[in-house]
Amino acid sequence: MSLWVDQFRPRTLDTLHYHRGLSERLKSLASSGDFPHMLFYGPSGAGKKTRVSCTLRQLFGPGVEKLKIDQRVFLTPSKRKIEVNLVQSNYHIEITPSEAGNHDRLVIQDLLKEIAQTQQVDLGAKQRFKVVIINEADSLSRDAQAALRRTMEKYMSNMRIILCANSTSRLIAPIKSRCLLMRVAAPSSEEMNNVLAYVARRAGFDLPPEASDKIVEDSGGNMRKAILVLEALKMQSPDLTGPLTIAKPDWEVYCHKVADLIISEQSPARVMEVRAKLYELLSHCIPPTIILKTIAERVVDKVDEALKADIMHWAAFYEVRMRVGSKKIFHLEAWVVKVMSLYKHFFYNIDMSEFD
Amino acid sequence: MFAATGLLGPAPLPEENLPSDASGLFKSNGLLDAGSSCNDQVPGTAMPHEPLPNFQLNGLLGVQAPTESFQSTTSLQSNHILGELTHNTTPPDFSFTSTGLLGEPSTVENSLSNTSFKTSDSIPCDSQPGVTHKSSIHTTSDYTTAGMSFTRNMLLRSPSPTSREDNLPPISEAFDMQYTNTTSSSKCLPSRPASSFVRATRYDGQTLLLRRKVKNFMPENQGSSTAYSASKIGNLLDIPVHRMLDSLYFLFSLPSYSDSANSQCAQRSQATDSSLWVDRYRPYNFTDLVGNEKVARDAMAWLKSWDRCVFGKSKGRKRAREDQENFELDEYHRPNEKFMLLSGPPGFGKTTLAHVIARHAGYEVMEINASDARSGHVVDERIRPTLESGFAIGSTKPVLLVIDEIDGATGAGDSSNTFIHKLLQLVLAKPKRNPRGKEKQIKSVIMRPIICICNDYNASSLAKLRPNAYQIRFNRPADVHIAKRLKEICHVEGLKADSRALATLVNASKGDFRGCLNTLQLIKTRNEDVTEPVIRRATAGMKQADTNVLSVLNSIFTPVSKKRAKNFVLDEEDETRYVARISREIDGSGRESTVATGCFGHYAKLRRHDATLARHEKANEWLSTYDRFSSAMYTDGDFALQPYLSYTLVPFHPLFKERGGEKVERNQTEWEHLQVTKTNEEIYKSLSGCLRTATSRSCGDFRHLVSSPILQVEFAPYINRIISPPLRPVNSQIIRPQEKTLMNRLVDIMAALDLRFVQERTEDGQLSYRLDPPLDVFVTYDGKRAPDISVSRYAVRHLVAGESKIDAKISARDTDIVEKGKQGKHHFFGNGSRQKGANEGPVGGVRPEGQDIADLPPTDFFGRLITVPTVASLKASNKIIEKPYRVSYKFLEGNSAAVRKPIKVGAFM
């Protein structure tokens, strides 16, 4: 038994609910016999992976859904063992190289070459090539991307690569130029409402439009999140009537608390308080970028118009530093102090330096 | 006995009586308290002929001097010649001398009683080779080695036994009496104790002192007669007395010819330049050792306990002493502890002690230290052959293995290839295991002592060695001892030193004798006097060497106080120039990242008013600069950035220094955060493991939820809500249909994801169900659960657990079928790890599977009914109890390959 997210996931291009044009194009590409390398990009929860698996199904038929999960161990030059999970069928293989961290280059080199150099054995296969799906392509290291470039050209006859990424900005240009770029935009609220209604119908209940609207509003274009929320909601309050509160993820609530703390007082003591909370968030393995983003958005919501630009500017500034650096908490706190200082200056509108 | 006198009267020698040419030597001799202990007995032998040795010496030199240049190398040669000549008595010229020398002892006895005055005269000539090392005013280090090789030379030739018998005892008495437990076949001479005793009373001026020492020493010797011990010691000596005398004459001759050739001062300065004081004043005799007397004695006693094994002198009677030092010997007469482990901080004289006692006990040292490779194969290639043969190449003395700096050797971990492991194997190997001939077996036993030296007693690599080692730990010797010895050395070197300065030096070096000596030599080369400021300046580096992170942090956050300024010899100007000082300190600590974390932890705690948070902004700017530097350094391997790292932390000093501010304490936050993060990462890992299993079971359904940000940000919070519906704790039989579907759905999801409720007993004895893996931490912030998730009560969880178990079993069976092809033989017994988890079931695995758990009341370990103590579940459990229950038996868990299957009792009837 699966969650609704998976249970009612469309399996074929025809059953996809939105972005019809995209589906059509994919379909014609799949049947053309000249399938290119592809790069799917778009925000999280827009349906990239769903589209990819639908395309695969279009390419190879239902055999592609017979999946097995493997673990491959790679040996780094320093004799460290790295485990990478593979999802594969007879026709394709799905990897997430970022699991290997800094050693993703090895995974790309070893695995791709291996696949590329073996021809399709199944004579009954619809296509002569295998497909390699690389998830989280935007977190590939530069080395790994460089390793990918040549392989993509050289082994074109045996292999196609489908990359999945949130944005193309971190991919090097040569890769982008070798792929057909497919942008999968987040669904509109109307489309989301449709999907939710479909899920509810399949699950055997009626979803009141108010509830649906609320969920859509809350999920911010993330279909996966919306369906998860729907399921959680259904479990929590099975009748779906009366005033509904859409549960926000706990870390988000906590981030908002932090934002409120920052706005309500600006002092060294408060800095310490905020720091404790940031530690708590970080220890729950919430990515620091997301923490910063969530807090910043909340702070921006609450402060005066004149401050918004500055706060966002510094958030961006420290986010870059955070990506470069290794001690995330330093940069988070630096931003917090910066915001506090900005806020204070703005609030009192005078130069306080004389009071020191 | 004589050692005692030596100790008591370091320089009881009237200078007036000295021959003029020897005065320099004598002076230096007198300075050495311990070393001079040999003086006392030699007088006994040499005294009557005092003029004669001198004369002979001169004569000898007269013969030799023309041929030799004044260089030390040639004098070494002459030394050899001298030794040989005196021994073989081949050339007629020298036969006179040698006979004269050998003849002495006989006359010694006679003249002993009446000559009281001349003893002192003879003292200059009885300085041993070792002593001359100490008093190296006139000898360069070259001479020292010359002396050494000379003595070795002598050993090779066995001296004529008769003369040796006579000569030996008094000399041996110079050494500490307690190391005389070797047995010898020589008869004891009745006159010996008498003479020694006589001598004790003979000096009028020194009688008192002698008596006292005798008293002290007596109890130790009570077991055996003093006479016996005295004669025994004779055989202990490496060098017969006449050899010593020979060498003495030789050494004696040096000042005389140096006088004639050059001024003594020139010679001395030459010597000063050529060798380190550490080497020059290294103790060569046991009695020279300073401080840590107990340690030295213990070490020597251990080494001596090997004598029976190594030298095989088992014929002698056991000494009473040996009973006191209870070293139990094994079948090969080895002590039970085959190793001795000396541990202590650097500069305390561990290596020196090892070498001194080895020499003293008559071993040839084979040393392995950090400069050699010390992996496991060294044991096979170098150590084993040497130890098995028992002798170093080209030596007749038994070998003693000294493994210096053993804490750096490989040894940690369980690998059988490490140095320590191999060493232990080698030494502790039971020969009985060898299925070969008997002689072979005995041969493979290692019969030589091994001394291991380390700084860090707790080094992980020594873990296995420690139980097999006789452990001696060096403590810091009393500062007074060191200071005293330093003072003597300063005096010898002609360095003016006041005691307070020396005490400061010893204090600053924390007992590191080597450091002290090096510092003094440095001061000497600068031609300065030893005064406190000079010492402070010279030891500045010493102090900084061991800065820990806390002290660095404290100096960042506190301004320099007056007192410390004085300590560091800083003035106002230095105070303002803090950059270099602080960055050096940070560098010195070598742990920039810890310092940075410490700064980060501390700066926000400070109270100084900061209205605009400007200082905090700056501080954070620097911290993030630091982080960028360091991560650029580590990720790109660009270690050229290293020197700049410390400068990024310096600004905390001007920004946040405050007098009387809160003291920096060790900050645990970062560490705790790390621990919690690790735990949570583990949970995520097991959750993603569950998801993967579910994926393979349900044809790739959950796989898109595993990837990294989605799992934490979306899946974790919502799955918690999905699996905690507001169920009422009622029996599954009377549940409403709506709730029934809800519950079925819940159980389905949990089973699919391998989530389980595991029963546990809390400390107060209450039963509770724990979610496994504990996903609920992800909705728990600051120890509080999210308010919108209803707390699932025990009864609900119990209900779910019951259902869930069945489902887990079903899913396990499903996967069994799927995986049967792959692991044909496995599935029958173990079912693989994943299914095992499922089979165990939530309720501690006590009940058989396949029964409807919902029908069963909670039972304790013995299958008896228990009432659930939680109030909330009271109602529910009551209802459960009303049901008739079946007796169930469970096969004992164990390692049997039998097929396990729950069977109703009825089946047996």
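Counting restarts for each chain, with residues numbered from 1 along the sequence as it is written. Lettering of chains starts at A and numbering of ligands starts at 1, both following the order in which they are written. At least 70 in pLDDT is required for a residue's local features to be given in this predicted model, at least 80 for side-chain atom pairs to be given and counted, and no such filter applies to totals for whole chains, interfaces and linings, which use all residues. Hydrogens and waters are ignored; side-chain quantities use all the structure's heavy atoms.

Caption draft 1: Highlighting the overall build of chain A. Helix and strand counts for chain A stand at 14 helices and 7 strands. Exposure classes here rest on a 1.4 Å probe applied to the protein chains alone. A residue is buried below 20% of its type maximum, exposed above 50%, and partly exposed in between. A buried classification covers 55% of the 356 residues belonging to chain A. Restricting the contact set of chain A to residue pairs at least 6 apart, pairs at least 24 apart contribute 70%. Under the DSSP-based scheme used, a helix requires at least four consecutive residues in state H or I and a strand at least two consecutive residues in state E, with every element numbered from the N terminus. Residue contacts are defined here by distance: any two heavy atoms, one from each residue, within 4.5 Å place the two residues in contact.

Caption draft 2: Quick peek at unusual backbone geometry. A positive phi angle, near 50°, is found at Glu136(A), a position not held by glycine. As for its placement among the helices and strands, Glu136(A) is situated in the loop between strand E5 (130-134) and helix H5 (142-154). Judged by relative accessible area, Glu136(A) falls into the buried class, the value being 18%. Its identity as a non-glycine residue notwithstanding, Glu405(B) has a phi of 50°, on the positive side. Using a relative accessible area of 30% as the deciding quantity, one classes Glu405(B) as partly exposed.

Caption draft 3: Representation of the sheet that holds strand E5 (residues 469-473) of chain B in the model. Residue and element names in this part refer to chain B. Here, any two strands with at least 2 DSSP bridges between them count as paired. Taken in spatial order, the 5 strands line up as E2-E3-E4-E1-E5 in an open sheet, and their pairing is parallel. Where the open sheet ends on each side, the last strands, each with one partner, are strand E2 (364-368) and E5. Across the sheet, the axes of successive neighbouring strands diverge by a mean angle of 20°, strand direction being ignored. As paired elements, strand E3 (residues 399-403) and strand E4 (residues 450-454) share 3 bridges and run parallel to each other. Bridging across to E4, Ile-403 finds its partner in Cys-452. For helices, the fitted line uses only the C-alpha atoms of the stretch in contact; every axis is such a line through C-alpha atoms, and the angle between N-to-C directions lies from 0 to 180 degrees.

Caption draft 4: The arrangement of the interface of chain A and chain B in detail. Contacts between the two partners involve 74 residues from chain A and, on the opposite side, 75 residues from chain B. Here the quantity called buried area is the accessible surface, traced with a 1.4 Å probe, that two parts lose on coming together, added over both. Summing the contributions of chain A and of chain B, the shared interface buries around 6,800 Å²; its carbon and sulfur component is 58%. The term salt bridge refers to a pairing of a side-chain nitrogen on Lys or Arg with a carboxyl oxygen on Asp or Glu at a separation within 4 Å. Remark: the boundary between chain A and chain B carries 9 salt bridges. A salt bridge links Arg692(B) to Glu99(A); its shortest N-O distance comes to 3.4 Å. Here a polar contact is recorded for every N or O atom pair within 3.5 Å, except that within protein the pair must consist of a potential hydrogen donor and a potential acceptor, and residues adjacent in sequence are included only if both atoms are side-chain atoms. Linking chain A to chain B there are 29 residue pairs in polar contact (both at pLDDT 80 or more).

Caption draft 5: Spotlight on the side chain of Asn85(A). Looking at the element boundaries, Asn85(A) is found in strand E3 (residues 81-88). The contact partners of Asn85(A), leaving out residues within four places of it in the chain, are Asp70(A), Gln71(A), Glu94(A), Ile95(A), Glu99(A) and Arg692(B).

Caption draft 6: How the structure looks around the sheet that holds strand E1 (residues 38-41) of chain A. Residue and element names in this part refer to chain A. Pairing is mixed across the open sheet formed by 7 strands, whose spatial order is E2-E3-E4-E5-E6-E1-E7. Across the chains shown, the open sheet's two edge strands, defined by having one partner strand only, are strand E2 (68-75) and strand E7 (180-183). On average, each strand axis in the sheet is tilted by 25° relative to the strand beside it, whichever way the strands run. Inspection of the sheet shows strand E4 (residues 92-95) paired to E5 by 4 bridges, in the parallel sense. Looking across to E5, one finds that Glu-94 is bridged to Ile-133.

Caption draft 7: Expanded view of the packing of aromatic side chains. Each Phe, Tyr or Trp ring (for Trp, its six-membered ring) is paired with any other whose centre lies within 6.5 Å, and the angle between the two planes then decides the class: stacked below 30 degrees, edge-to-face above 60, tilted in between. On inspection of all chains with the given rule, the structure shows 19 aromatic pairs over all chains. Aromatic side chains Phe60(A) and Phe129(A) sit 6.1 Å apart centroid to centroid with 75° between the ring planes, which places their arrangement in the edge-to-face category. Taken together, the residues span a long stretch of sequence, with Phe60(A) in helix H3 (residues 48-60) and Phe129(A) in the loop between helix H4 (104-117) and E5 at a distance of 69 residues. By the burial criterion, Phe60(A) is buried, and Phe129(A) matches it. Between the aromatic rings of Tyr603(B) and Phe652(B), the centroid separation amounts to 6.2 Å while the plane-to-plane angle is 70°, which identifies the pairing as edge-to-face. Here Phe652(B) lies in helix H36 (residues 652-656) and Tyr603(B) lies in helix H33 (residues 592-603), a separation of 49 residues in the sequence. An identical accessibility class is assigned to Tyr603(B) and Phe652(B); each is buried. A network of ring pairs unites the aromatic residues Phe330(A), Phe557(B), Phe600(B), Tyr603(B), Phe652(B) and Phe656(B) as a single cluster. A ring has a charge above it when a Lys NZ or an Arg CZ is no more than 6 Å from the ring centre and no more than 35 degrees off the ring normal. The ring of Phe205(A) has Lys234(A) sitting right over it, with the charged end atom 4.3 Å from the ring centre. In this structure, Arg275(A) packs its charged tip against the face of Phe600(B), placed 3.9 Å from the ring centre.

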